[in-house]
Amino acid sequence: MECVVEGIIETQHVEALEILLHGLCGAPKERLKIHEFFLRSGPNLGVVSSELRILCDLEQPKPTWTVRQVGGAMRGAGAEQLSVLVRSMIESKISKNGLRFFYILGYKLDHELLKVGFAFRFQKVVPITVTVTSVHKMLKLHATDEAVPVTPGIQLVEVTAPASADNYSEVVAAISSFSEYLAPLLHLSKPGVSAGVVPTAAAAAASLMSDGRGKTL
């Protein structure tokens, strides 16, 4: 399982967000350049359609590959009251031949994206990862060098953490608490429930830029 929230921020305020995240996480940022392949199962794999994501990390000296299957969200009255999405997720490292393997199985490429940005990782109850990326679409198949922004001037912020049936409540609380520190710059919510750009972002960014550092948890 994993817990996740996301939000958006204007590119002009990303540097201020980076300053804040560095202060909160106390760790250096990691550069990201991820090529994501979104696959859908063909009719030969059953009546119920399934989706897979194949991620190729282009930032590494030798690109690394990961397969990820994101399942359904936790349901029920309790889940609806949570400010964080709790969902099933399976992830595993694969070889560079993994994409071809899934094509042979009958999966078809639905679409592909390129995410470019940075990430911060830190420990608070569980490992929490914050990614800030500009999402690009490919004009030609697999042509990452010709990718163009999906939403120019806007970047995606995602906060994720692994969870289990035994500790998801603690993980949700940790992410919710962390999200409050970012509230002046952006609003984080369940995926698909975006509140748009935060009105206080410009003033908060100006304050962070003049101060030059973030707070410490």
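For the structure itself, consult the block above.
Residues numbered from 1 in each chain as written. Predicted model: local features only at pLDDT ≥ 70, side-chain atom pairs only at ≥ 80, totals over all residues. Heavy atoms only, no water.

Q: Whenever I open this one, the pattern of salt bridges confuses me. Can you help?
A: Opposite charge on two side chains permits them to pair, given that their charged atoms come into close proximity. Scanning the model with the defined rule gives nine salt bridges in all. Residues Glu18 and Lys29 are paired through a salt bridge, measuring 3.2 Å at the closest nitrogen-oxygen approach. You can see Glu18 sitting in helix 1 (residues 14-25) and its partner Lys29 sitting in the loop between helix 1 and strand 2 (30-41), a full eleven residues away along the chain. Using a relative accessible area of 23% as the deciding quantity, one classes Glu18 as partly exposed. A salt bridge links Glu158 to Lys115, with the shortest nitrogen-to-oxygen separation between them at 3.6 Å. On the criterion of sequence distance, the pair formed by Glu158 in strand 9 (residues 154-162) and Lys115 in strand 6 (residues 107-124) is long-range, its members being 43 residues apart. With relative accessibility at 18%, the residue Glu158 sits in the buried group. Through salt bridges that share partners, Glu36, Lys115 and Glu158 make up one connected network. (Salt bridge = Lys/Arg side-chain N within 4 Å of Asp/Glu carboxyl O. Helix = DSSP H or I, 4+ residues; strand = E, 2+ residues; numbered from the N terminus. Buried < 20%, exposed > 50% of the residue type's maximum accessible area, 1.4 Å probe, protein only.)

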